[in-house]
2 protein chains.
Amino acid sequence: MEFLGKHVILELYECEASLLSDPNSVSEIMQKAATIMGATVVESAFHHFSPLGVSGVVIIMESHLTIHTWPEYSYAAIDIFTCGDIQMDKGIDFLKEKLRSKKSEIKVLNRGRLSSISNPLKSIKN
Amino acid sequence: MEFLGKHVILELYECEASLLSDPNSVSEIMQKAATIMGATVVESAFHHFSPLGVSGVVIIMESHLTIHTWPEYSYAAIDIFTCGDIQMDKGIDFLKEKLRSKKSEIKVLNRGRLSSISNPLKSIKN
């Protein structure tokens, strides 16, 4: 293991705008995505911003999922951050399908480089 | 404006481990960072995972801040996602100072490329 976490940056374009402006739909889809990946949901919070857009987070035992939607642009910015054994691909496919995205971009970042951590074994023993 | 949002990926190494394992300290520091940047806090949620580590999110009007801590590695993974006029540098400096990080890395990602959005003007008019 060279890194502590994996972070997927998901840009979903050309989504179904009506879904992106409905906080209940967004919340349900994000929580379902977490369980489909095999994550354990700890807590979630979603907000509808007037007149448009939803922001939300699902805290999972394995880290988090977040979403921000711009219905006026049919665009959703999603992050999936995990530090456990998670089937991310299943969650990504589910989100693209449920939000009816016709165009997407994915970046994968590694987080927490172990070689940048000084004396990790010493820290663990303390 | 070429992008809808700006996303700072902040890797804080060599932090004060005792702070990273205290959910109250982590919550207070993250919420203060949001206000120092000029953001409006909407809601926050923080969890302490047994035996170590804190996960938390601050939803702001301008998007979100998240943190995951690994006290055993003196490491914190922080994200700051904004879509408004925010003084991110002030928040970043505050977080580094308050968590006593001696080594850090920053990546800045742009989110929501407007040229990837089809017919944004049409969408706005609908």
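Quantities reported herein were computed from a predicted structural model and do not represent experimental measurements.

**Some details on the interface of chain B and chain A**
Next, step 1: In this complex, chain B contributes 46 residues to the contact, which on the side of chain A involves 47 residues.
Next, step 2: Buried surface at the junction of chain B and chain A, summed over both partners, amounts to about 3800 Å²; 63% is from carbon and sulfur atoms.
Next, step 3: Run the count over chain B and chain A and you get 6 salt bridges.
Next, step 4: Linking Glu105 of chain A and Arg113 of chain B is a salt bridge whose minimum nitrogen-to-oxygen distance equals 2.8 Å.
Next, step 5: Where chain B packs against chain A, one counts 22 residue pairs in polar contact (both at pLDDT 80 or more).

**Focus on the pattern of salt bridges**
Next, step 1: Taken as a whole and judged by the stated rule, the model has 10 salt bridges over all chains.
Next, step 2: Measuring nitrogen to oxygen at the nearest pair gives 4.0 Å for the salt bridge that ties Arg100 of chain A to Glu16 of chain A. Taken together, the positions of Arg100 of chain A in the loop between helix H3 (88-98) and strand E6 (103-113) and Glu16 of chain A in the loop between strand E1 (3-13) and helix H1 (17-20) put the pair 84 residues apart, joining distant regions of the chain.
Next, step 3: Ionic contacts of the salt-bridge type, sharing partners, join the residues Glu11 and Asp79 of chain A together with Arg111 of chain B into one network.

**Remarks on the confidence of the model for chain A**
Next, step 1: Summing up the model confidence of chain A, the mean pLDDT is 91 and the portion of residues at 70 or higher is 92%.
Next, step 2: Both scores are available for the predicted complex, with the pTM at 0.91 and the ipTM at 0.90.

Reading the values: rules and limits
Residues numbered from 1 in each chain as written. Chains lettered and ligands numbered in written order. Predicted model: local features only at pLDDT ≥ 70, side-chain atom pairs only at ≥ 80, totals over all residues. Heavy atoms only, no water. Contact = heavy atoms within 4.5 Å. Buried area = accessible area lost by both parts, 1.4 Å probe. Salt bridge = Lys/Arg side-chain N within 4 Å of Asp/Glu carboxyl O. Polar contact = N/O pair within 3.5 Å; in protein donor to acceptor, adjacent residues only side chain to side chain. Helix = DSSP H or I, 4+ residues; strand = E, 2+ residues; numbered from the N terminus. pLDDT = per-residue confidence, 0-100.

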